[in-house]
Amino acid sequence: MLGLKTATDPSWIHQVELHLEEVLLDHAHCEKKAARTALNLICAYDDRGDPLCRELEQIVVEELEHFRLVLELLARRGIVYRRLKPSSYGKKLGELIRSREPERALDRLLVAGLIEGRSCERFAILKESLADAELADFYASLFESEAGHHAIYLQLAHGFVPAAEVAARFDWLAEKEAEIISRGEPLTRIHS
Ligand SMILES: [Fe+2]
Ligand SMILES: [Fe+2]
């Protein structure tokens, strides 16, 4: 359903349980970055009008709301919000984005969709597997929203190039994403 080419390694959840604080901090940064991605896309393509602007504006609002919820969770647990050294996942995916339009718009939307898809896959693991009931419920509550974002990004890509080109490029980018995820981003992160 999410078009991912590889499943998260089963050992990931054990690493998460051992490093919950780092994972929660990383999650906060992921939500902030997700809001920034959607806002950057509005800034780049607002001449397209709706539905692009309307859908992306909704994503910005939802990601900022998720960011606030994670910050509140951190505060309840006495975890001080701080910067983390980013993993190379987002940077490596960003390097695959072509520079000429409309290929650039296509790649930006599909990469955003893949990142949402990976978040969604991992939130599903967290909601099923975390021993901490509050956290498992929290991830269950976010899961659907991220699945919706994944679908919206793919749908918006169809506004730039024909459907066959969207499908072929998504397939190629998903292969690359699978290589990046298998080649060892830290197992103590959501993915960022
Ligand atoms: Fe989110
Ligand atoms: Fe999202």
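If you're wondering where the values come from, they're calculated on a predicted model, not measured in any experiment.

(A) Fine view of helix α5 (residues 103–129). Between its first and last C-alpha, α5 extends 39 Å over 27 residues, near the 39 Å set by a 1.5 Å rise per residue. The buried fraction of α5 amounts to 20 of the 27 residues, a majority that puts the element mostly inside the structure.

(B) Expanded view of the coordination of the iron ion (ligand 2). Coordination of the iron ion (ligand 2) by the protein comes from E63 (OE), E116 (OE), E116 (OE), E146 (OE) and H149 (ND1), over a distance range of 1.8 to 2.6 Å. If you list the donors of the iron ion (ligand 2) from N- to C-terminus, the spacing comes out as E-x52-E-x29-E-x2-H. Between the two metal centres, the iron ion (ligand 2) and the iron ion (ligand 1), the spacing is 3.4 Å, with E63 acting as a shared donor. Note that E116 is positioned in helix α5 and H149 in helix α6 (residues 133–157), a separation of 33 residues in sequence. In this pair, the class of E116 matches that of H149, namely buried.

(C) Expanded view of the pattern of salt bridges. Going through the model one piece at a time under the given rule, you end up with 14 salt bridges. Of the charged contacts, one joins D132 and R77 as a salt bridge, the two residues approaching to 3.0 Å between their closest N and O atoms. You can see D132 sitting in the loop between α5 and α6 and its partner R77 sitting in the loop between α3 (52–76) and α4 (89–94), a full 55 residues away along the chain. A relative accessible area of 23% means that D132 is categorised as partly exposed. Where E177 meets R118, a salt bridge forms, and the shortest distance between an N and an O atom there is 2.8 Å.

(D) Region of the structure containing the coordination of the iron ion (ligand 1). The protein atoms that coordinate the iron ion (ligand 1) are E31 (OE), E63 (OE), H66 (ND1) and E146 (OE), at distances spanning 2.0 to 2.2 Å. Bound by four donor atoms, the iron ion (ligand 1) shows angles of 87 to 141° at the metal and therefore irregular coordination geometry. Counting the intervening residues between successive donors of the iron ion (ligand 1) yields the motif E-x31-E-x2-H-x79-E. Note on E63: relative accessible area 0%, which makes it buried.

(E) Fine view of the environment of A38. In this fold, A38 is placed in helix α2 (residues 20–45). Once the C-alpha coordinates of A38 and F143 are considered, the two residues, 105 residues apart in sequence, prove to be 18 Å apart. Residues within four places of A38 in sequence aside, it is in contact with L56, I59, V60 and Y153.

(F) Local environment of the layout of surface pockets. By volume, the largest pocket is sized at about 660 Å³. Looking at the largest pocket, it is lined by 30 residues, and the ones nearest its centre are K33, A34, T37, G90 and I115. Of all the secondary-structure elements, those providing two or more residues to the lining of the largest pocket are α2, α4, α5 and α6. Class assignment of the residues belonging to the lining of the largest pocket gives a composition of twelve nonpolar, nine polar and nine charged.

Criteria and thresholds
- Think of each chain on its own: its residues are numbered from 1, step by step along the sequence as written.
- Lettering for chains starts from A, numbering for ligands starts from 1, and both go in the order in which the items are written.
- Totals for whole chains, interfaces and linings use every residue, but because this is a predicted model, local features are given only for residues with pLDDT of at least 70 and side-chain atom pairs only at 80 or more, for both listing and counting.
- Computation of side-chain values covers all heavy atoms of the structure but excludes hydrogens and water.
- What counts as a helix is a DSSP run of H or I of at least four residues, what counts as a strand is a run of E of at least two, and both are numbered from the N terminus.
- Multiplying 1.5 Å by the residue count of a helix minus one yields the expected span of that helix.
- For each residue, the accessible area found with a 1.4 Å probe, counting protein chains only, is set against the maximum for its type, and the residue is called buried under 20%, exposed over 50%, and partly exposed in between.
- The donor set covers N, O and S atoms within 2.8 Å of the metal, switching to 3.2 Å for Na, K and Ca, and it leaves out water, so a site may look short of donors.
- Any Lys or Arg side-chain nitrogen located within 4 Å of an Asp or Glu carboxyl oxygen qualifies as a salt bridge.
- In short, tetrahedral needs four donors with all angles between 85 and 135 degrees, square planar needs four and octahedral six donors with opposite donors over 155 degrees apart and all other angles between 65 and 115, and whatever is left is irregular.
- Residue contacts are counted whenever heavy atoms from the two residues lie within 4.5 Å of one another.
- Cavities and pockets were defined on a 1 Å grid built over protein atoms only: a cavity is a set of grid points that admits a 1.4 Å probe from which the probe cannot escape, a pocket is an open set flanked by protein on both sides within 12 Å along at least five of seven lines, and lining residues are those with an atom within 4 Å of any such point.
- Grid points are joined across faces, edges and corners, and a volume is the space filled by probe spheres set on the points.
- Any residue outside Ala, Val, Leu, Ile, Met, Phe, Trp, Tyr, Cys, Pro, Asp, Glu, Lys and Arg is labelled polar, Gly included; the first ten of those are nonpolar and the last four are charged.

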